[in-house]
Amino acid sequence: MKGMGLIKRRNWPWIAALMAVACLYYWTTSRIASSRARQPSQSVWRDEEHDYFWKNVPVHYPPSIIRPLPTSPPIRYPKIQLSSPHESAHDRDARLQRRLAVKTTFLKCWASYKRLAWAADELAPVSGGKNNPFGGWAATLVDFLDTLWIMGLKTEFEVAVAAAAEIDFTHTDLSEINVFETTIRYLGGFLAAYDLSGDARLLRKAVQVGEMLYKAFDTPNRMPVTRWDFHAAARGKAQSASSALVAEICSLSMEFTRLSQITGDSKWFDAVQRIAEVLAQQQESTALPGMWPLVVDTEQLKFNEGNVFTLGAMADSVYEYLAKMSALAGGQLPIYQTMYEKAADTAIKHNLFRPMVPKDDDILVAGIAHVDSGQITLEPQGQHLVCFLGGLFALGGKLFARSSDLDVAEKLVNGCMWAYRSSVRHIMPETFRLIPCVSKDECSWNETLWKEEVAKAADAKDASESADTIIAKHRLLPGFVEISDRRYILRPEAIESVFVLYRATKRPDLLEAAWDMFESINRVTSTDLANSAVWDVTIAQDQKPETTDSMESFWMGETLKYFYLIFSEDDLISLDEWVFNTEAHPLKRARR
């Protein structure tokens, strides 16, 4: 400002003109910068936390090189979403009433969490207590930040962000941290809420979580410790990786990559890309080429030894993130598409089966493949968790122009909807067993065979009982051979795939299926305070299922979000602009 006094009066007209041009230029570039502010290639972060605790813990095994983020232009992927058909005023009113019902359920849960369990990981929805299984860092609050924004609850969002900004990621009462769960809930939650709102406080928290999690990678081969001794690492103790569930080590890529995209710091991308390279190198050398075993040896970098191959629990998100990383990075990392296509081809051949069911529905379910001395056998187990797969095949089919994958997606989603409809309460149980058809092309219902399989499955426990007695005793509906886990724990995977397939195909029956699912779930799980998981969804209609007094954070962060979105307009979190992590947190895609 002191220099202004040196400007001569005769220069003011020219200076004024130049200032006007400069202001116009600044306004224009500011508008452009604003429109691009949260594009994946744009770095908006300025590191002002040099003294943050996790940045200053001693590093024992620094990486020799840091892989840079890709700089090539994103490719132009085909559109995922179909345009909506004309909607009558009646249909629109019905859709919005359904969306309001979902929002009302969410607000009931929000009010109880805020009153009774604020800043705790979970609300106990029957007793009104609180639980802290995820570090005591307000997992539910962080998980539903983006749900608040998506539902237009901006006042509540501001309250939640102010509380989230105070979370201390340098302390926990837990002896061990699950790196995967922390990544998908906390890092994913902060990143998505930032991508949606642009609130710098959320990016600051994302970086804090990222700095903490990065310390789990400080091992001799830079593979992360997935069940991490937080306190030993905080004291600066050296650590090394060991065996890990494949999902827990190989499902960190989206969140770490997005953090690098936003901040411009490639260290997080480098950390997860090392894992991806091992996955790709060993994909064809496993006992079931194209897929990876359930457990991998991270210390020896052996990701190809083991004989159990599943798309379900403990492996699911590995496969989910292959196509989603392609979308997130705008095709700049072709390694992920290649891995997806190999895995999809193998899974279709060896894991997906058509079950024998009444009415001969042409549906698919994903089972577990076991390999012994080169022989592949199928365990025809259905899991609610694996219902995410229909949405994944819909996404991969659209992104990579694999029309056959979209056909598979429809049959997988139809399979999950069949499991919902076939339950006495229209809710799919956690795990069950079906009878695989000899052929996927045709399969006729055979009641005699069904009863024979029921008797075989129960032989060890009920050897003296007839099949009819076992069916009545265990409340088995036609098609189900065994129900090994009768719980419903507020899972999102079925509605997730119904939502994605609806956006991709606009099948009107999917809206009706979603509404039936929501009404059934809310009716069975609703408590005075919120919603609770239940022990048994197969008991008679005249009995009330016993609750578990548990409401995991994904109920408000995932399940209700997907129910809300399927009854919303297509441009609310368009799948052509956003991609969801495995905890339903939408991250901005790189696009041309």
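Residues numbered from 1 in each chain as written. Predicted model: local features only at pLDDT ≥ 70, side-chain atom pairs only at ≥ 80, totals over all residues. Heavy atoms only, no water.

Brief notes about the overall build of the protein
Part 1 of the reasoning: Counting its secondary structure elements, the protein contains 20 helices and 16 strands.
Part 2 of the reasoning: For a compact globule of 592 residues, the expected C-alpha radius of gyration is about 25 Å, and the protein comes in at 26 Å, within 12% of that figure.
Part 3 of the reasoning: For the protein, the residues scored as buried account for 57% of the 592 residues in total.
Part 4 of the reasoning: Accessible surface, the protein: about 24700 Å² in total, of which carbon and sulfur atoms supply 53%.
Part 5 of the reasoning: Charge separation in the protein, taken as the distance between the mean sites of 65 positive and 75 negative side-chain charges, equals 9 Å. (Helix = DSSP H or I, 4+ residues; strand = E, 2+ residues; numbered from the N terminus. Rg over C-alpha atoms; globule rule 2.2 N^0.38 Å. Buried < 20%, exposed > 50% of the residue type's maximum accessible area, 1.4 Å probe, protein only. Areas by Shrake-Rupley, 256 points an atom, 1.4 Å probe, with all protein chains shown as cover. Lys, Arg positive; Asp, Glu negative; His and termini not counted. Charge placed at Lys NZ, Arg CZ, Asp CG, Glu CD.)

Observations regarding the UniProt feature "active site" (unreviewed entry) in the protein
Part 1 of the reasoning: Following the UniProt record, one finds the feature "active site" (unreviewed entry) at Glu181, Asp316, Glu430 and Glu493. Considered against the largest pocket, the annotated residues that line it turn out to be Glu181, Asp316 and Glu493.
Part 2 of the reasoning: Mapped onto the elements, Asp316 comes out in helix H12 (residues 316–328).
Part 3 of the reasoning: The residues touching Asp316, leaving out its near neighbours within four places in the chain, are Ala247, Leu311, Leu385 and Phe388.
Part 4 of the reasoning: As for its position among the elements, Glu430 is in the loop between helix H15 (403–422) and strand E13 (431–433).
Part 5 of the reasoning: Those residues in contact with Glu430 that lie beyond four places of it in its chain are Gly382, Gln383, His384, Asp485, Arg487, Ile489 and Arg491. (UniProt positions renumbered as here; feature names shortened; annotations may be inferred. 1 Å grid on protein atoms, 1.4 Å probe; cavity = no way out; pocket = protein on both sides within 12 Å on 5 of 7 lines; lining within 4 Å. Contact = heavy atoms within 4.5 Å.)

A short note on the nonpolar core
Part 1 of the reasoning: Counting residues in each nonpolar core, the largest one holds 191 residues, and the members touching the most others are Leu145, Phe190, Trp228 and Tyr319.
Part 2 of the reasoning: Tallying contributions element by element places helix H6 (residues 179–197) first for this core, with 11 residues.
Part 3 of the reasoning: In contact with Phe190, other than residues within four places in its own chain, are Val142, Leu145, Ala164, Ile167, Phe169, Leu202, Lys205, Ala206 and Val209. (Core = buried A, V, L, I, M, F, W, Y, C linked by side-chain atoms within 4.5 Å.)

Considerations on the pairing of strand E11 (residues 375–379)
Part 1 of the reasoning: Here five bridges tie strand E10 (residues 368–372) to E11, and the two strands are oriented antiparallel to one another. Following the sheet pairing, Ala369 is matched in E11 by Leu378.
Part 2 of the reasoning: The hairpin turn running from E10 into E11, its antiparallel successor, is two residues long, and Ser373 in that turn takes a positive phi close to 55 degrees. (Pairing = 2+ DSSP bridges.)

Section: the state of the cysteines
Part 1 of the reasoning: Per the stated rule, a full pass over the model turns up two disulfides.
Part 2 of the reasoning: In the protein, numbering the disulfide-bonded cysteines from first to last in sequence yields the connectivity 1-2, 3-4. (Disulfide = S-S within 2.5 Å.)

Regarding helix H14 (residues 388–399)
In an α-helix there are 3.6 residues to a turn, and that puts residues three or four apart on one side.
Part 1 of the reasoning: Between its first and last C-alpha, H14 extends 17 Å over 12 residues, near the 16 Å set by a 1.5 Å rise per residue.
Part 2 of the reasoning: Buried residues of H14: Phe388, Leu389, Gly390, Gly391, Leu392, Phe393, Ala394, Leu395, Gly396, Gly397, Lys398 and Leu399, and no others.
Part 3 of the reasoning: For H14, the elements touching its buried residues are H12, helix H13 (334–350), strand E8 (352–353), strand E9 (365–366), H15 and helix H18 (493–505).
Part 4 of the reasoning: Positive backbone phi, approximately 55 degrees, marks Ala401, located one or two places after H14. (Expected span 1.5 Å × (residues − 1).)

Here's the deal with empty space enclosed by the protein
Part 1 of the reasoning: Applying the stated criterion across every chain yields a total of five cavities of 30 Å³ or more.
Part 2 of the reasoning: There is about 140 Å³ of room inside the largest cavity.
Part 3 of the reasoning: Lining the largest cavity are 14 residues, with Lys324, Gly391, Leu395, Glu496 and Val500 sitting closest to its centre.
Part 4 of the reasoning: Breaking the lining of the largest cavity down by element, the ones donating at least two residues are H12, H14, H18 and strand E15 (578–580).
Part 5 of the reasoning: With four residues, H14 is the single largest residue contributor to the lining of the largest cavity.
Part 6 of the reasoning: The calculated volume of the second largest cavity comes to roughly 110 Å³.
Part 7 of the reasoning: The wall of the second largest cavity is formed by 15 residues, among which Leu364, Val365, Val386, Cys387 and Cys416 lie closest to the centre.
Part 8 of the reasoning: Going through the elements one at a time, E9, strand E12 (381–383), H14 and H15 are the ones with two or more residues in the lining of the second largest cavity. (Points joined across faces, edges and corners; volume = space filled by probe spheres on them.)

Focus: the sheet that holds strand E7 (residues 308–310)
Part 1 of the reasoning: Spatially, three strands are ordered E7-E10-E11 in an open sheet, and the strand pairing comes out antiparallel. Edge positions in the sheet fall to E7 and E11, since each of these pairs with one other strand and no more. On average, each strand axis in the sheet is tilted by 25 degrees relative to the strand beside it, whichever way the strands run.
Part 2 of the reasoning: In this sheet, E10 lies alongside E7 in antiparallel orientation, the contact comprising three bridges. Residue pairing for E10: Val308 is matched across the bridge by His370. (Axes fitted to C-alpha atoms, helices over the stretch in contact; angles between N-to-C directions.)

Quick look at the packing of aromatic side chains
Part 1 of the reasoning: Under the defined criterion, the tally for this structure stands at 30 aromatic pairs.
Part 2 of the reasoning: Seen from their ring centres, Trp445 and Trp450 are 5.7 Å apart, and the 45 degrees between their planes marks the pair as tilted.
Part 3 of the reasoning: By way of ring pairs, the aromatic residues Phe53, Trp54, Trp137, Phe169, Tyr186, Phe190, Trp228 and Phe230 are connected into one cluster.
Part 4 of the reasoning: Stacked on the ring of Trp268, the Lys or Arg Lys267 has its end atom at 4.8 Å from the ring centre.
Part 5 of the reasoning: Just above the ring of Tyr502 sits the side chain of Lys506; from NZ or CZ to the centre is 5.7 Å. (Phe/Tyr/Trp six-rings, centres within 6.5 Å; stacked < 30°, edge-to-face > 60°. Lys NZ or Arg CZ within 6 Å of the ring centre and 35° of its normal.)

Topic: the layout of surface pockets
Part 1 of the reasoning: Considering only enclosed or pocket space, the largest pocket measures out at about 610 Å³ in volume.
Part 2 of the reasoning: If you go around the largest pocket, you meet 31 residues; those closest to its centre are Phe180, Glu181, Asp316, Leu385 and Arg491.
Part 3 of the reasoning: At the level of secondary structure, the elements contributing two or more residues to the lining of the largest pocket comprise H6, helix H9 (246–250), H12, H18 and helix H20 (554–566).
Part 4 of the reasoning: By residue class, the composition of the lining of the largest pocket is 13 nonpolar, five polar and 13 charged.
Part 5 of the reasoning: The space that makes up the second largest pocket amounts to roughly 430 Å³.
Part 6 of the reasoning: If you trace the second largest pocket, you find 19 residues lining it, with Glu87, Asp91, Arg95, Tyr502 and Leu511 closest to the centre. (Nonpolar A, V, L, I, M, F, W, Y, C, P; charged D, E, K, R; others polar.)

Side note on the packing of H18 against H20
Part 1 of the reasoning: At a minimum axis distance of 9 Å, the contact between H18 and H20 shows a crossing angle of 25 degrees. The angle between H18 and H20 places the two elements in the roughly parallel class. Classified by chirality, the crossing of H20 by H18 is left-handed. Residue-level inspection shows Ile495, Glu496, Val498, Phe499, Tyr502 and Arg503 of H18 in contact with H20, the latter providing Thr559, Tyr562, Phe563, Leu565 and Ile566.
Part 2 of the reasoning: Considering only residue class, the contact of H18 with H20 consists of eight nonpolar, one polar and two charged. (Parallel < 35°, antiparallel > 145°, perpendicular 65-115°, else oblique. Left-handed = near helix turned anticlockwise from the far one by under 90°.)

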